[in-house]
Amino acid sequence: MSIQNNLRSIQASLPEKVTLVAVSKTKPVSDLMEAYEAGQRIFGENKIQEMTEKWEAMPKDIQWHMIGHVQTNKVKYMAPFVSLIHGVDSLKLLQEINKQAQKNSRIIDCLLQIYIAEEESKFGLDEKELETIFEFIQEEKNEMNHIRIVGLMGMATFTNNTAQVEKEFSRLKTIFDSYSNLNTKNCQLNTLSMGMSGDYQLAIKCGSTMVRIGSSIFGGR
Ligand SMILES: *Cc1c(COP(=O)(O)O)cnc(C)c1O
């Protein structure tokens, strides 16, 4: 199967309101261009330097999503162009994104990453930390005018145990729904980013609105 065929068949299987992020990390620009020529405009990368190089090399109507763990000192490199940062997992990082967005006269959309897996290796906030961040953001005097929190992101445990994965996705959906009434100028939750090549159908069943798919489009890494 070619990249274009993979992309078309996945695209055709997605409900209309689910957004596809084509995860292109480690893949060459020529592969991304194949997807671009098939109409894909949203690409996900997990390393800032690699994303920046691809952004420089590729057409400017692409939306670049940072899906990896972000180090505070690297935010400045993507602030001029990144369209959505999926993995925000601390207030400190959010404040740095706000600062760099301001320098670029931009408002940068962010997702807060929630820890839902049972594995130790995944990043993310627990529910208490999430609540603390929302409380901070909602305070009138906070001056985070250059970020917008548009939703949540999570990664399930890497396992064949479907029941386990479903439980984790459902939990994230419940947390997401519990904040659906938030509506401040920089906080409106409309995006739930969950689901990868191996589990996106299940994620959609559990309420995902954005799937991040790499290997099923571009092949193994
Ligand atoms: C690599 C990656 C993906 C895509 O994984 P595939 O299994 O190749 O679809 C999705 N989300 C994140 C955060 C990733 O790092």
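What you are looking at is a predicted structure, and each value in this text was computed from that prediction instead of being measured.

(A) Highlighting the overall build of the protein chain. Tallying secondary structure elements over the protein chain gives nine helices and eight strands in all. For a compact globule of 221 residues, the expected C-alpha radius of gyration is about 17 Å, and the protein chain comes in at 17 Å, within 12% of that figure. Dimensions along the principal axes, computed over C-alpha positions, put the protein chain at roughly 55 × 40 × 30 Å. The buried share among the 221 residues of the protein chain stands at 51%.

(B) Examining the pattern of salt bridges more closely. For the coordinates displayed, the defined rule picks out eight salt bridges. A salt bridge links lysine 99 to glutamate 96, with the shortest nitrogen-to-oxygen separation between them at 3.9 Å. Of the two residues, lysine 99 and glutamate 96 are both situated in helix α5 (residues 91-103); the distance of three residues between them amounts to about one turn of the helix. With a closest N to O distance of 2.9 Å, aspartate 109 and arginine 148 form a salt bridge. Of the two residues, aspartate 109 is situated in strand β5 (residues 108-114) and arginine 148 in strand β6 (residues 147-154); the sequence distance between them amounts to 39 residues. Looking at arginine 148, the relative accessible area reads 29%, which means it is partly exposed. Each of the salt bridges in this network shares a partner with another, and the network as a whole consists of Glu45, Glu50 and Lys54.

(C) Focus on the packing of aromatic side chains. All chains considered together, the criterion is met by three aromatic pairs. Aromatic pair tryptophan 55 and phenylalanine 81: ring centres 4.2 Å apart, planes at 5°, arrangement stacked. On the criterion of sequence distance, the pair formed by tryptophan 55 in helix α3 (residues 48-57) and phenylalanine 81 in the loop between α4 (75-78) and β4 (84-88) is long-range, its members being 26 residues apart. Residue phenylalanine 81 is classed as buried on the basis of its relative accessible area, which comes to 10%. Ring centres 4.5 Å apart and planes at 40° place the aromatic pair phenylalanine 134 and tyrosine 179 in the tilted group. Linking phenylalanine 134 in helix α6 (residues 127-138) with tyrosine 179 in the loop between α7 (162-178) and β7 (187-193), this pair joins segments that are 45 residues apart in sequence. Given a relative accessible area of 1%, phenylalanine 134 falls into the buried group. Just above the ring of tyrosine 36 sits the side chain of arginine 41; from NZ or CZ to the centre is 3.6 Å. Above the plane of the ring of tryptophan 55 lies lysine 60, whose end atom (NZ or CZ) is 5.6 Å from the centre.

Cut-offs used in this document
Residue numbers here run from 1 along each chain, matching the order of that chain's written sequence. Totals for whole chains, interfaces and linings use all residues, but because this is a predicted model, local features are given only for residues with pLDDT of at least 70 and pairs of side-chain atoms are given and counted only at 80 or more. Only heavy atoms go into the side-chain values, all of them from the structure, while hydrogens and water stay out. Helix and strand labels come from DSSP, where a helix needs a run of H or I of at least four residues and a strand needs a run of E of at least two; each type is numbered from the N terminus. All radius of gyration figures rest on C-alpha atoms, and the globule criterion is 2.2 Å times the number of residues raised to 0.38. Buried residues are those whose accessible area, probed at 1.4 Å on protein chains only, stays under 20% of the maximum for their type, while exposed residues exceed 50% and partly exposed ones sit between those limits. Within this document, salt bridges are pairs made up of a side-chain nitrogen of Lys or Arg and a carboxyl oxygen of Asp or Glu, the two lying within 4 Å of each other. Any Phe, Tyr or Trp ring, taking Trp's six-membered ring, that has another such ring centre within 6.5 Å forms a pair; planes under 30 degrees apart are called stacked, those over 60 apart edge-to-face, and the others tilted. Our definition puts a charge over a ring when NZ of Lys or CZ of Arg is within 6 Å of the ring centre and also within 35 degrees of the ring normal.

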